[in-house]
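Here's the letter readout for the chains.
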Number of protein chains: 2
Amino acid sequence: MADEAAVRAQAEAVRRLKQDKADPDEIAKEVAKLLEMKAQLGGDEGKHKFVLKTPKGTRDYSPKQMAIRERVFNAIITCFKRHGAEVIDTPVFELKETLTGKYGEDSKLIYDLKDQGGELLSLRYDLTVPFARYLAMNKITNIKRYHIAKVYRRDNPAMTRGRYREFYQCDFDIAGQFDPMIPDAECLKIVHEILSDLQLGDFLIKVNDRRILDGMFAVCGVPDSKFRTICSSVDKLDKMPWEEVRSEMVGEKGLSPEAADRIGEYVQLHGGLDLIERLLQDPKLSQNKLAKEGLGDMKLLFEYLTLFGIAGKISFDLSLARGLDYYTGVIFEAVLLQQENDHVEEPVSVGSVAGGGRYDGLVGMFDPKGRKVPCVGVSIGIERIFSILEQKVEASEEKIRTTETQVLVASAQKKLLEERLKLISELWDAGIKAEMLYKKNPKLLNQLQYCEDTGIPLVAIVGEQELKDGVVKLRVVATREEVNIRRESLVEEIRMRTSQ
Amino acid sequence: MADEAAVRAQAEAVRRLKQDKADPDEIAKEVAKLLEMKAQLGGDEGKHKFVLKTPKGTRDYSPKQMAIRERVFNAIITCFKRHGAEVIDTPVFELKETLTGKYGEDSKLIYDLKDQGGELLSLRYDLTVPFARYLAMNKITNIKRYHIAKVYRRDNPAMTRGRYREFYQCDFDIAGQFDPMIPDAECLKIVHEILSDLQLGDFLIKVNDRRILDGMFAVCGVPDSKFRTICSSVDKLDKMPWEEVRSEMVGEKGLSPEAADRIGEYVQLHGGLDLIERLLQDPKLSQNKLAKEGLGDMKLLFEYLTLFGIAGKISFDLSLARGLDYYTGVIFEAVLLQQENDHVEEPVSVGSVAGGGRYDGLVGMFDPKGRKVPCVGVSIGIERIFSILEQKVEASEEKIRTTETQVLVASAQKKLLEERLKLISELWDAGIKAEMLYKKNPKLLNQLQYCEDTGIPLVAIVGEQELKDGVVKLRVVATREEVNIRRESLVEEIRMRTSQ
């Protein structure tokens, strides 16, 4: 149990960390500790002993944040629909066994539900495994679909960098037996379109192929049984220097130093068609069947990407590994390039904003007869994108409207509540977005101020004289212009004045 | 453990139930048992021991179902926005203690997460309690917001009637200290607008007030301590006859038979302004302060509803109680009236499709100082509405498109993959929704068939001659009309032909 002195000491520690501009994760950790201590201590009157917060690693979205989020969703959905995708939805939890054995080392991050009698359930960890389960269950062998939903990972949150325990994934996948690299190229085109649309600054899409990686491991002398675990180590190269990754391979994972050094040479390589051609000539790699297949397909992919006009943003990168177990072919990851942005004081390191790849074996893991459905897909990392845009909006001081209200129904004198109710009802029934203050006798000034605060462009004012004359006074908030409109023309007038 | 003979017997039992058209719930239960037995036994090759299903009480949404669902969401969101609502989002789980003590007898239906170290969490049971937590946490005293998200209840599912363990709620709430009954009337107007928009057939909105109920209990001689539990019994009147409810009150809950009989007389009453006036004159009820307050406000509410032109669909009904503990004033519930629908063979009993009420004390339960924020809100029961519309679509054989693709990029000869890729990329970049088959050399017939199957209205055909001439052949799928369009005019032509 914490005592009050301890709480005060902890509060002081937090204050100092903030003052010193310490690592945000560090601050978050100490704040959490403080909140927990406060919770143990209980509220002021010892009356409310609970903590008023969202669970660790989660957050609420305020109306303003939702407005930004919906912009991002719209850009993404528009793109997915442009590419002819259908949409599906699946439950937020799956049978625990559905998720078992799909995520390798990451399985420990899965949220389980409490056993309250009945089935054992887990929250979904991504949208790909539920998609594969859906295909197998419904015997679908051919679909192009998107799915936008929340997924759950008991990871260490780093909320300032957009890493949460509950977060949205926006997935687009193409399932079916098709000619090589055509759907794969479309997935990369989609990433390119979305990142361009959202104007997040310069970006690069790294691509590699699990077959090239496996071929590379083979020719470097990695034993078969260590392919996956060494692959996990390579995956850390975006966060750790090679020396650390190497020592993990040799020290923790028991790889020979020679094999590690050979890998070290390959994973430095990145480029375009030229590099593919060079590796196709590589005396060792070209002898490996898997690597040769992967490189052949990579060449084809780059040809298609050139036709799409996007090859310039794509980098074939041998250090790209991707953590998940289920990939079998092409893999890719989009990263934002560090931008010199004068508006933003402390540029946030955002890392990967999209990723995906080919997983030809996953559906077969669910099919009772093991029938395979080849799949390739992409997942857009919406939370990170959202963090960046939110920060941009803050910096630009752009005023974001959180409602779409076209007109406020107001009154100039007292005792006009009934008239306001009648008018607003007419407007609603005509499809006009209208609000009124929930007061019997609001002051006109307060009504106008409400429009200023919330960005409502028009005010429809009823007064005694207007009622007698069969008109409504329409006021344009921005210009203060006022004009009397005949009641029967009001709807048309509001529509005209608020159409963009 | 099940053996094969037992599985066969169970399969036979299921077959017979289906043949006898037994109660769908019953069938579902026996099918679940069968699946479980099969799972225990293992797959054909003993290789896949898991069950390929979604968790009990949940379902996937196919693209066709999603198309219907999005129509419903659009109607609802359009209405919420018409009334000037902002939108928020909260996490799918809350701290367990946040939900504690808010749901009365229903608390046992809350899903808990497993204790994996860290906070104790539960899946949200509705959107109202998270909303109240959000208000208290952010010290918001004034907001009109909607929230559309899934909630979770470990109830007995009745999926044919649209009752699931995971289901969407569409909530609209108005928080703030306002003049009486104005926001309450708007909530009812919203229900009226949405149900009218969705064309679900005739409906009725029942209203009552917790204060009238409590006053009624008091004058009938119910002891204070039994108000909530007797209220729960009254709530069952839509599913049970009065005699059963009475015996629950007297037998299980220890109410005197006289008190029960007095309640029995009141709860038969329903009507409009006339009934309100009559009860305001009721010698016993009019002496009760709470009841009098409630009746006064009910009168005001009906005046506003009359101004909104919707009083005809509203019934003041003394048997309406609503299960949840947190209501403090007006409560309401919309029910569809049994319709004679020739198209539908077996009309589904759908019951309540919307409900809500005033809860002035809930936010205060979260505020450290107990500060109250009065709230009133409505929740639209989207799953039931969705069930009805899905059935309507089935019956009408309306063909629902699941994509918005405007044009298929096709080729008339072989070896034109590169040309198709170039053209489709141009179209995508111009914002045209376009697809192509993922084959190197698809047959023209297959490409046209794909358009027929998926409802794509146009085909842009590249052929050698067209390429030479700098044109694309545009085919209208419905009429088979074909016309050569200059490449530079193609985007404009597609836009024109597919604009509604």
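Residues numbered from 1 in each chain as written. Chains lettered and ligands numbered in written order. Predicted model: local features only at pLDDT ≥ 70, side-chain atom pairs only at ≥ 80, totals over all residues. Heavy atoms only, no water.

Which entries qualify depends on this criterion: UniProt positions are given in the numbering used here, feature names are shortened, and annotations may be inferred rather than shown by experiment.
You'll find chain A entered in an unreviewed UniProt entry as histidine--tRNA ligase, with Aramus guarauna given as the organism. The UniProt entry for chain A carries this comment under Sequence similarities (unreviewed entry): "Belongs to the class-II aminoacyl-tRNA synthetase family." Turning to chain A, the UniProt record has this under Catalytic activity (unreviewed entry): "tRNA(His) + L-histidine + ATP = L-histidyl-tRNA(His) + AMP + diphosphate + H(+)".

**A word on the pattern of salt bridges**
Residues and elements named next belong to chain A. Basically, it comes down to this: Whenever Lys or Arg places a side-chain nitrogen within 4 Å of a carboxyl oxygen from Asp or Glu, that contact is recorded as a salt bridge. Put simply, DSSP H or I for four residues or longer makes a helix, DSSP E for two residues or longer makes a strand, and each gets a number counted from the N terminus. Burial classes: relative accessible area under 20% of the type maximum marks a residue as buried, over 50% as exposed, and values in between as partly exposed (1.4 Å probe, protein chains only).
Going through the model one piece at a time under the given rule, you end up with 80 salt bridges over all chains. Close ionic contact of Asp112 with Lys96 constitutes a salt bridge, the shortest N to O distance being 3.1 Å. Here the residue Asp112 occupies a position in the loop between α4 (96-99) and β3 (121-123), and Lys96 occupies one in helix α4, the gap between them amounting to 16 residues. Residue Lys96 is classed as partly exposed on the basis of its relative accessible area of 35%. Glu493 is the salt-bridge partner of Arg497, the closest N and O atoms lying 2.7 Å from each other. Linking Arg497 with Glu493, this pair stays in helix α18 (residues 490-498), spanning four residues, or about one helical turn.

**Topic: unusual backbone geometry**
Residue and element names in this part refer to chain A. Of note, Met181 is a non-glycine position whose phi angle comes to about 75 degrees, a positive value. Examined against the element boundaries, Met181 turns out to sit in the loop between β5 (166-175) and α6 (182-197). We classify Met181 as buried; its relative accessible area is 3%.

**Re a positive patch on the surface**
For clarity, the cut-off: A patch consists of residues exposed above 30% relative accessible area that lack any salt bridge, with like charges linked at up to 9 Å and nonpolar side chains (Val, Leu, Ile, Met, Phe, Trp, Tyr) linked at up to 5 Å. All accessible-area figures derive from a Shrake-Rupley calculation using a 1.4 Å probe, and residue coverage is judged against the displayed protein chains alone. Neither His nor the chain ends contribute to the count of charged residues, in which Lys and Arg are positive and Asp and Glu negative. Here the site of a charge means atom NZ of a Lys, CZ of an Arg, CG of an Asp or CD of a Glu.
On the surface, Lys414, Lys415, Lys439 and Lys443 of chain A cluster together to form a positively charged patch. Within the element layout of this structure, Lys439 of chain A appears in the loop between β13 (434-435) and α16 (444-454).

**Concerning the packing of aromatic side chains**
Each aromatic ring pair is characterised by the separation of its centres together with the angle its planes make. Which entries qualify depends on this criterion: Geometry of aromatic contacts follows a simple scheme: Phe, Tyr and Trp rings, the Trp one being its six-membered ring, pair when their centres are within 6.5 Å, and the pair is stacked under 30 degrees between planes, edge-to-face over 60, tilted otherwise. Lysine and arginine charges are scored as sitting over a ring when NZ or CZ, respectively, is within 6 Å of the ring centre and within 35 degrees of the ring normal.
Within the structure shown, the criterion is met by 26 aromatic pairs over all chains. Plain terms: the ring middles of Phe80 of chain A and Tyr146 of chain A are 5.5 Å apart, the flat faces sit at 40 degrees to each other, and that makes the pair tilted. Taken together, the residues span a long stretch of sequence, with Phe80 of chain A in helix α3 (residues 63-82) and Tyr146 of chain A in strand β4 (residues 143-152) at a distance of 66 residues. Accessibility classification places Phe80 of chain A together with Tyr146 of chain A in one group, the buried group. Joined through ring pairs, the aromatic side chains of Tyr103, Tyr125, Tyr326, Tyr327 and Tyr359 of chain A make up one cluster. Here Arg153 of chain B stacks its cationic end above the ring of Tyr125 of chain B, 4.0 Å away from the centre of that ring. When the ring centre of Phe203 of chain B is taken as origin, the NZ or CZ atom of Lys313 of chain B, which lies over that ring, is 5.2 Å away.

**Overview of the interface of chain A and chain B**
Often the size quoted for an interface is simply the accessible area lost on bringing the parts together. Cut-off, in case you're wondering: When checking whether two residues touch, look at their non-hydrogen atoms; a contact exists if any pair is within 4.5 Å. Summed over both partners, buried area is the accessible surface (1.4 Å probe) that two parts give up on being assembled. Distance and chemistry together define a polar contact, namely a pair of N or O atoms within 3.5 Å, with one atom able to donate a hydrogen and the other to accept it when in protein, and with adjacent residues in sequence counting only for side-chain atoms on both sides. As a working rule, the residues Ala, Val, Leu, Ile, Met, Phe, Trp, Tyr, Cys and Pro are called nonpolar, Asp, Glu, Lys and Arg charged, and the rest polar, with Gly in that last group.
Listed per partner, the contact involves 97 residues of chain A and 97 residues of chain B. Carbon and sulfur atoms supply 59% of the area that chain A and chain B bury against each other, a total of about 8700 Å² over both sides. Its largest share of buried area at the contact with chain B, chain A owes to Leu52, Trp428 and Tyr438 of chain A, together 10% of the area lost on that side. Summed over the shared surface of chain A and chain B, the number is 16 salt bridges. The salt bridge involving Lys53 of chain A is made with Glu119 of chain B; its shortest N-O contact spans 2.5 Å. At the junction of chain A and chain B, the tally comes to 48 residue pairs in polar contact (both at pLDDT 80 or more). By residue number, the principal contributor to the side of chain A that touches chain B is helix α15 (residues 417-429) of chain A, which donates eight residues. Looking at side-chain class alone, the side of chain A that touches chain B contains 43 nonpolar, 17 polar and 37 charged residues.

**Let's talk about the relation of the copies chain A and chain B**
Applied cut-off: Here the copies were fitted onto each other by least squares, based on C-alpha atoms from residues at pLDDT of at least 70 in both.
Of the two same-sequence chains, chain A is brought onto chain B (RMSD 0.2 Å, axial shift 0.0 Å) by a rotation of 180 degrees. Within this description, the copies of the chain are treated as partners about a two-fold rotation axis. Same-surface contact between copies: 100% of interface residues of chain A are shared with the interface of chain B.

**Things to note about the side chain of Ser315 of chain B**
Residues and elements named next belong to chain B. By the element assignment, Ser315 lies in strand β8 (residues 314-317). Classification of Ser315 as buried rests on a relative accessible area of 9%. Setting aside anything within four residues of it in sequence, one finds Ser315 in contact with Leu204, Ile205, Lys206, Val207, His270 and Gly271.

**Thoughts on the packing of α6 of chain A against helix α12 (residues 289-307) of chain A**
All names here are of chain A. Stated precisely, the cut-off is as follows: In this description, a line fitted to the C-alpha atoms serves as the axis of each element, helices being fitted only across the stretch in contact, and the angle between N-to-C directions of two axes falls anywhere from 0 to 180 degrees. Convention used here: angles under 35 degrees read as roughly parallel, angles over 145 as roughly antiparallel, angles from 65 to 115 as roughly perpendicular, and any remaining angle as oblique. Should the near helix be turned anticlockwise from the far one by less than a right angle, the crossing is left-handed, and should it be turned clockwise, the crossing is right-handed.
Relative to each other, α6 and α12 sit at 50 degrees, their axes nearing to 9 Å. The orientation of α6 with respect to α12, classified from their angle, is oblique. Judged by the sense of rotation from one axis to the other, the crossing of α6 with α12 is right-handed. Across from Ile182, Asp184, Ala185 and Leu188 in α6, the residues of α12 making contact are Leu301, Tyr304 and Leu305. Broken down by class, the residue content of the contact of α6 with α12 amounts to six nonpolar, no polar and one charged.

**Topic: the pairing of strand β11 (residues 375-380) of chain A**
One face of the sheet, then the other: side chains in a regular strand alternate in exactly this way. Residue and element names in this part refer to chain A. For clarity, the threshold we go by: For two strands to be treated as a pair, DSSP must find no fewer than two bridges joining them.
The buried fraction of β11 amounts to six of the six residues, a majority that puts the element mostly inside the structure. Burial along β11 is two-sided: Cys375, Gly377 and Ser379 facing one way and Val376, Val378 and Ile380 facing the other are all buried. Here β5 runs beside β11; their pairing, made up of six bridges, is antiparallel. When the bridges of β11 are listed, Ala175 appears paired with Cys375. Bridging between strand β10 (residues 352-358) and β11 involves five bridges; their strand directions are antiparallel.

**Side note on the side chain of Ser411 of chain B**
All names here are of chain B. Within the secondary structure layout, Ser411 lies in strand β12 (residues 407-411). For Ser411, a relative accessible area of 1% corresponds to the buried category. Looking at Ser411, its side chain comes within polar contact range of the side chain of Arg420, at 3.4 Å.

**As for the sheet that holds strand β5 (residues 166-175) of chain B**
All names here are of chain B. Pairing is mixed in the open sheet, where nine strands are placed in the order β1-β4-β5-β11-β10-β9-β6-β8-β7. Across the chains shown, the open sheet's two edge strands, defined by having one partner strand only, are β1 (86-87) and β7 (270-271). Against the sheet, helix α7 (residues 210-220) engages β6 (203-209), β8 and β9 (330-336), with an angle of about 55 degrees to β6. Its contacts with the sheet put helix α14 (residues 382-396) on β5, β9, β10 (352-358) and β11 (375-380), and the angle it makes with β5 is roughly 125 degrees.

**Describing the sheet that holds β11 of chain A**
Residue and element names in this part refer to chain A. Read across the sheet, nine strands follow the order β1-β4-β5-β11-β10-β9-β6-β8-β7 without closing on themselves; strand pairing throughout is mixed. Of all the strands in the sheet, just β1 (86-87) and β7 (270-271) have a single pairing partner and so form its edges. In this fold α3 packs onto β4, β5 and β11, with an angle of close to 5 degrees to the strand it touches most, β5.

**Here we look at α15 of chain A**
Since the α-helix advances by 3.6 residues per turn, residues separated by three or four positions end up pointing in the same direction. Residue and element names in this part refer to chain A. Counted only if it meets this: In this scheme, a helix's expected span is set at 1.5 Å multiplied by one less than its residue total.
Look at α15: 18 Å from first C-alpha to last across 13 residues, which is about the 18 Å you get at 1.5 Å a residue. Within α15, the full set of buried residues consists of Leu417, Arg420, Leu421, Leu423, Ile424, Ser425, Leu427 and Trp428. Count one or two residues on from α15 and you reach Gly431, which has phi positive near 85 degrees.

**Topic: the environment of Gln391 of chain A**
Secondary-structure assignment places Gln391 of chain A in helix α14 (residues 382-396). For the pair Gln391 of chain A and Ala85 of chain A, spaced 306 residues apart in sequence, the C-alpha to C-alpha distance is 31 Å.

**Describing the packing of α7 of chain B against helix α10 (residues 257-266) of chain B**
All names here are of chain B. Taken N-terminus to C-terminus, the directions of α7 and α10 make an angle of 140 degrees; their axes are 9 Å apart at the nearest point. By the angle class used here, α7 and α10 are oblique. Note on packing geometry: the crossing formed by α7 with α10 is right-handed. Note on element contacts: α10 touches α7 through Ala259, Arg262, Ile263 and Tyr266, opposite Met216, Phe217, Val219 and Cys220. Partitioned by chemical class, the residues of the contact of α7 with α10 number seven nonpolar, no polar and one charged.

**Notes on the UniProt feature "binding site: L-histidine" (unreviewed entry) in chain A**
All names here are of chain A. As recorded in UniProt, the feature "binding site: L-histidine" (unreviewed entry) lies at Asp126, Leu127, Thr128, Arg153, Gln169, Asp173, Arg322, Tyr326 and Tyr327. With respect to the helices and strands, Thr128 occurs in helix α5 (residues 128-137). Under the relative-accessibility criterion, Thr128 is labelled buried at 8%. When neighbours within four sequence positions are excluded, Gln169 is seen to be in contact with Asp126, Leu127, His147, Ile148, Ala149, Val151, Arg153, Ser379, Ile380 and Ile382. A distance of 3.5 Å separates a polar side-chain atom of Gln169 from the backbone nitrogen of Leu127.

**What to know about helix α18 (residues 490-498) of chain B**
Residue and element names in this part refer to chain B. The following threshold applies: Comment: arc refers to directions from the helix axis out to C-beta atoms.
Every buried residue of α18 is listed here: Leu490, Val491, Glu493, Ile494 and Thr498. Buried residues of α18, viewed axially, fall in a sector of 165 degrees; they line one side. Buried residues along α18 sit in contact with β12, α15 (417-429), β14 (458-462), β15 (471-476) and β16 (482-486).

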